[in-house]
Amino acid sequence: MSSTVNEINILNADDAELMRISREGTLSLNLNEMKTIQTHFGALGRNPTDVEIETIAQTWSEHCVHKTFKSIIRYSEDGKAPEQIDGLFPTYIQRATEDIAKPWCVSVFSDNAGIIEFDETFNLVFKVETHNHPSAIEPYGGAGTGIGGVIRDSLGTGLGAKPILNTDVFCFGMSDMPYTALPKGTLHPKRVFKGVVAGVRDYGNRMGIPTANGAILFDSRYTANPLVFCGNVGLIPRNRCEKSVEPGDLVVAVGGQTGRDGIHGATFSSAELDDTSESLGSVVQIGNPIMEKKIVDALLQARDRNLYRSITDCGAGGFSSAVGEMGEDIGAEVHLERVSLKYEGLAPWEIWLSEAQERMVIAVPPENLSELVAICEAEFVEATVLGTFTDSHRLQVFYEGAIVADLEMEFLHNGLPKPVKAAVWQPPKHPEMPSRDEGIGVGNPSYMDDLRRLLASPNIASKESVIRQYDHGVQGGVVINPLVGVANDGPSDACVITPVLGSRKGVVIANGINPKYSDVDPYLSAASAIDEALRNIVAVGGTLEKTALLDNFCWGNPDKPDRLGELVRAAKACYDFATAYGTPFISGKDSLYNEYRDTTTGEQRAIPSTLLISAICVIPDICNAVTMDVKAPDNLIYVVGNTYAELGGSHYFGIHGFIGNSAPVVRPDDGKRTMERLSSAINSGLVRSCHDCSEGGIGVAVAEMAFAGGYGMRLNLDNVPIGDETDADDYLLFSESNSRFIVEVEPQHREAYENHIAGVPIGYLGTVTESPEFVITGKTGHPIVETSIDVLKSAWQTPLHS
Amino acid sequence: MMQPKVLILRTAGTNCDAETETAFQLAGAETALVHIQNLISGKVNLSDYHILAIPGGFSYGDDISAGILLAVEMKHKLTDELNRFVGAGKLVIGICNGFQVLVRTGLLPGTDSSAEMTQRATLAMNTSAKFECRWVDLETQESPCVFTKGIKPCVYLPVAHAEGRFTAPADVLADLEANNQVVFRYADSGYPNNPNGSDADIAGICDATGRIFGLMPHPERFLTKWNHPRWTRIAEVQGSGSEEGDGLAIFKNAVNYVKANRL
């Protein structure tokens, strides 16, 4: 055995010693897992090497194997009898996709990204990842390598997809937080914001991938645990979607050199953060987008010449995960001294685990090696043969001739004991906020101030200052920009691109995310996120029929039953509403342990339970797409879909310091009918503009449409269709009920439009006006908002002026 | 009729090559994406082509400053090839990073003896100190530029760059004006339509012959009307009934010039 390899003495260790080994080695393994390893090696009659135990820890990490989503859960809700769930993922996510059974799903949940059909020549891949823990410690590097990592997921799907679009969603603490209130050892939210945006900008722009969709959310509970979701869409030839590995194929590493950066990233992200995490510098990776661009340039050429049989990226766990996964069914042997290093001095386990960026592993038949190497050399990319795939069913790692790890693939991939976890959910009870209609006309004559405050609130206000730092036009295919309207500055519901230049076939990308509703019920939050993502797709001209979803769960510590109970609620909603809408999940990811602990005070903080739903839709002709800005005076404005008194978790309650209890429900029968008929009306050319009605309700939606189009509006709430007894003006104006849209229709199309959408509750609100005056009359007959679009726009653009 | 051949130069970090290739193909040219290594090694001969296009991107990461490493490489390793190419009356276009490269090689604005390849101007960091992705109105100037012959007086194109502020010593700027070498100006001096704070609102220039052209905006991103950020506002964009974007004319002009002059 090599002198640089240590034996880890676990055979004689007691429970306390096992946990010390796990903790001090950043292994993030629990006692049951450590004991399973102890028993396995006990039977072999030897201790594991550091290379072996590290390999197991990476492979078994929450980050890599998603054990919470596969575990058995005993779930009890509101004091009812407990229910046993045999894995959240198979029960609620995978089963939804199986039940929906869309023929255009090419590959789901098995590869690095999901694959759906696009046209006769190409398929699309889509994946969204998170890079939360690294971004908390080093925002620029953490976020940049987050986008770099998810691009490699597309490149590592099938035999490699060309990355064509990035999408990014961030959740930060409040920018105006006083420095004195900052939790120990954390960065100020402003610093995190700036660093994350710069990191994503510099990586995405340099790679030449348009970043044309995203969202930014703010909540003080994200201060110590910011969330950074990075997504990538790729385009892949239909005959390059399958991979295989044969014994005798060479294990070839392509791309950057290996250093000591990013060691323990996988296990680090599977634990809570605390006030000492900032000193864990080496867990954050270092990005080099130009290296990654070169790899894409080289590998896509090699792919088209069929030079390799399989590909995956070196992400969490580095070579240990990449080679371990590729060789899972057959076996592999690797010689670590062949790895190209950034510098000398790495121990074998460090080489094996390093998460140095911009590295891919491919399986190359020996006869193709010289051609592959020639392509890589021509693009200035290193390609190194590390070993061979074997038929030993073992993962064997050598260093300078000595064997330093010898693990059975079966134990490595299936030896992890299935945990049993407890989950509880108890509906919270928050104080209710009554309608403020009574005060209207007395001291506070209107809802003007509320509307202005909502538009200026960080979650709703313009994100233009960020969006313009991203190149959203590169590759030449963007046809609906993230910013739309007469001055190119209104908030688009979704982006549309034509990935094949010259073809009018398009791809729509949108997202939905409503963490505030989790404070009432994570089930409603998840349902609303799905509804919102789908609304955004429909609003620009997409259809439910051709839409697929991705789920990204960011949660607190799932070992705590109340956090896990919230996760169960959200997962149940994923099944219920994906199946109701007929929109399958094709890929997803979870990031748990988003909690912060102050080691001095013992204070514990979790993020709001946050589910991001990303949606992708294929549309036959981009000519039928619409945008959200109103187009011409005298056109008619309608609200589509019923409004209910659903203000729990709403922004309106939020600005008045309330949460409430009636978060928006999704009524999928109504929602599906609404979206299908509206899609049909849009694609028949009967709608001039359409906007999703979400944060801030009807009030914010109509204001955004008016100032984006540069015209005023004269509206009346009398005809707003209601699903309950609500008649308070503020509730009608600011309720965030799901499955609603605002549309603009030309007068000559009034009848055709109304016939087209028959069966869906709609309400005629009023007209677009040439003059910039913006007036909304309440049910009482008084104007409750009376202002000009310039005032509203200026409020909404607050972040641009500050 | 001979089909004009365009060499689209690539290197590490080039990223607008595919849409530049599409633009030239739509304009009727035969195209080749060529890595600079293949020009330096002699595997590919520049002289076999009629048009050299240097597309946008971040060549070599824009390390040191935008475009400089590729410029140095071209200046020192392809000196003769470039001089012969230009001397033969052939066309060169540099877009965004390509413009930065042409300015740093000295091919733009150029001197009376282009063989010198001395840098006389620069593209500095935007005055906003940020990357800017936005559409801008351009005014087409009277110039000898063959790429913009007969083009509309007002052109709408996107920019996407952090280092696009054209600046040069007063005498160089005076020469540019005297020789009509300014091809495009940002139509409004103020930010954001002049997105980078360029001197004299300069968005694109040519050499004295009009055959070497560089610009910060991206004509290859406006090939069809659906690229226009306001195509859904029909009245404004669809007035002409054409499905062609403003950018395509630049590539068509180049291809037609090659055909007309039998280069």
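Nothing here was measured: the structure is a model prediction, and the numbers come from that model.

(A) Expanded view of the overall build of chain B. Regarding its fold elements, chain B presents 8 helices and 11 strands. Here the C-alpha atoms of chain B give a radius of gyration of 17 Å, agreeing with the 18 Å that 2.2 N^0.38 yields for 263 residues. Taken over 263 residues, chain B has a buried fraction of 62%. Sequence-distant contacts, at least 24 apart, represent 74% of the contacts inside chain B between residues at least 6 apart. When the accessible surface of chain B is split by element, carbon and sulfur atoms take 48% of a total near 9,400 Å².

(B) Here's a closer look at the overall build of chain A. Looking only at helices and strands, one finds 27 helices and 34 strands in chain A. Across its three principal directions, the C-alpha atoms of chain A cover 85 × 60 × 45 Å. Relative to its full complement of 802 residues, chain A shows a buried share of 66%. Here the analysis covers contacts within chain A between residues at least 6 apart in sequence; of these, 82% occur between residues at least 24 apart. Carbon and sulfur atoms make up 49% of the accessible area of chain A, which totals about 25,700 Å².

(C) The arrangement of the interface of chain B and chain A in detail. At the junction of the two partners, chain B supplies 33 residues and chain A supplies 46 residues. Taken together, the connections running from chain B to chain A amount to 5 salt bridges. The closest approach of N and O atoms between Arg 233 of chain B and Asp 629 of chain A, which form a salt bridge, is 2.5 Å. Inspection of the region where chain B meets chain A yields 19 residue pairs in polar contact (both at pLDDT 80 or more). Among the elements of the structure, α1 (17-26), β6 (132-140), β7 (154-161) and α7 (234-237) of chain B are those that each provide at least two residues to the side of chain B that touches chain A. When residues of the side of chain B that touches chain A are assigned to their parent elements, the largest contribution, 4 residues, is made by β6 of chain B. Taken together, the residues of the side of chain B that touches chain A break down into 13 nonpolar, 10 polar and 10 charged.

(D) View of the state of the cysteines. Within this structure, the stated rule accounts for 0 disulfides over all chains. Just so you know, Cys 574 of chain A is unpaired, no disulfide at all, and the nearest cysteine sulfur is the one on Cys 554 of chain A, 13 Å from it. With no disulfide of its own, Cys 96 of chain B lies 6.5 Å from the sulfur of Cys 16 of chain B, the closest cysteine sulfur.

(E) Layout of the pattern of salt bridges. Residues and elements named next belong to chain A. A full pass over the atoms with the stated rule returns 59 salt bridges over all chains. Residue Lys 35 pairs with Asp 15 through a salt bridge whose shortest N-O separation is 3.5 Å. Here the residue Lys 35 occupies a position in helix α2 (residues 31-44), and Asp 15 occupies one in helix α1 (residues 15-24), the gap between them amounting to 20 residues. Residue Lys 35 is classed as partly exposed on the basis of its relative accessible area of 34%. We note a salt bridge from Asp 111 to Lys 243, for which the minimum N-O separation is 2.8 Å. With Asp 111 in the loop between β3 (105-107) and β4 (114-117) and Lys 243 in the loop between β8 (227-237) and β9 (250-255), the pair connects residues that are 132 residues apart, well separated along the chain.

(F) Looking closely at the packing of aromatic side chains. All names here are of chain A. Within this structure, the stated rule accounts for 22 aromatic pairs over all chains. When the ring of Phe 193 is compared with that of Phe 218, the centres are 5.7 Å apart and the planes differ by 55°; the resulting orientation is tilted. Of the two residues, Phe 193 sits in helix α9 (residues 189-207) while Phe 218 sits in strand β7 (residues 211-218), which places them 25 residues apart along the sequence. Comparing Phe 193 with Phe 218 shows no difference in burial state: the two are buried.

(G) Layout of the sheet that holds strand β25 (residues 595-597) of chain A. Residue and element names in this part refer to chain A. Within the open sheet, the 3 strands sit side by side as β10-β25-β26. Their pairing is mixed. Sheet topology places β10 (273-274) and β26 (604-606) at the edges, where each strand pairs with a single neighbour. Across 3 bridges, β25 lies against β26 in antiparallel orientation. Residue pairing across strands places Tyr 596 opposite Arg 605, the latter belonging to β26.

(H) Layout of the packing of α1 of chain B against helix α8 (residues 248-261) of chain B. All names here are of chain B. Orientation of α1 relative to α8, taken along the N-to-C sense of each, is 60°, at an axis distance of 8 Å. With respect to α8, the axis of α1 lies oblique. In terms of crossing hand, the pair formed by α1 and α8 is right-handed. For the pair formed by α1 and α8, the contact residues are Ala 23, Phe 24 and Leu 26 on the first element and Leu 248, Phe 251, Ala 254 and Val 255 on the second. For the contact of α1 with α8, the residue count by class is 7 nonpolar, no polar and no charged.

(I) Focus on unusual backbone geometry. Here the bond from Leu 108 of chain B into Pro 109 of chain B is cis, since omega is -5°, no more than 30 degrees from zero. One can find Pro 109 of chain B in the loop between α5 (97-105) and β5 (122-124). Of note, the amide linkage connecting Tyr 191 of chain B to Pro 192 of chain B takes the cis form, showing an omega dihedral of 5°. Relative to the helices and strands, Pro 192 of chain B is located in the loop between β9 (182-186) and β10 (202-206). The residue Phe 109 of chain A is not glycine, and still its phi comes out positive at about 60°. We classify Phe 109 of chain A as partly exposed; its relative accessible area is 22%.

(J) Spatial organisation of the sheet that holds strand β1 (residues 72-77) of chain A. Residues and elements named next belong to chain A. The strand order across the open sheet built from 3 strands is β2-β1-β17, with neighbouring strands paired in mixed fashion. Edge positions in the sheet fall to β2 (83-86) and β17 (420-425), since each has one partner strand and no second. Going across the sheet, the axis of each strand differs from the next one's by a mean of 25°, ignoring polarity. In terms of strand pairing, β1 meets β2 through 4 bridges, oriented antiparallel. Among the inter-strand pairings, Ile 73 is bridged to a residue of β2, identified as Ile 85. Contacts from helix α6 (residues 88-100) reach β1 and β2, with the element oriented near 75° to β2.

(K) Representation of the pairing of strand β22 (residues 506-513) of chain A within the structure. Residue and element names in this part refer to chain A. The element β22 is extensively covered by neighbouring structure, given that 8 of its 8 residues are classed as buried. Going residue by residue along β22, you find Gly 506, Val 508, Ala 510 and Gly 512 tucked away on one face and Val 507, Ile 509, Asn 511 and Ile 513 tucked away on the opposite face as well. Examined bridge by bridge, strand β21 (residues 495-497) and β22 share 3 bridges and lie antiparallel to one another. Within the sheet, the bridge partner assigned to Cys 495 lies in β22 and is Ile 509. Looking at chain direction, β22 and strand β27 (residues 610-619) are connected through 8 bridges and run antiparallel. Looking across to β27, one finds that Ile 513 is bridged to Leu 612.

Basis of the calculations
- Residues numbered from 1 in each chain as written.
- Chains lettered and ligands numbered in written order.
- Predicted model: local features only at pLDDT ≥ 70, side-chain atom pairs only at ≥ 80, totals over all residues.
- Heavy atoms only, no water.
- Helix = DSSP H or I, 4+ residues; strand = E, 2+ residues; numbered from the N terminus.
- Rg over C-alpha atoms; globule rule 2.2 N^0.38 Å.
- Buried < 20%, exposed > 50% of the residue type's maximum accessible area, 1.4 Å probe, protein only.
- Contact = heavy atoms within 4.5 Å.
- Areas by Shrake-Rupley, 256 points an atom, 1.4 Å probe, with all protein chains shown as cover.
- Salt bridge = Lys/Arg side-chain N within 4 Å of Asp/Glu carboxyl O.
- Polar contact = N/O pair within 3.5 Å; in protein donor to acceptor, adjacent residues only side chain to side chain.
- Nonpolar A, V, L, I, M, F, W, Y, C, P; charged D, E, K, R; others polar.
- Disulfide = S-S within 2.5 Å.
- Phe/Tyr/Trp six-rings, centres within 6.5 Å; stacked < 30°, edge-to-face > 60°.
- Pairing = 2+ DSSP bridges.
- Axes fitted to C-alpha atoms, helices over the stretch in contact; angles between N-to-C directions.
- Parallel < 35°, antiparallel > 145°, perpendicular 65-115°, else oblique.
- Left-handed = near helix turned anticlockwise from the far one by under 90°.

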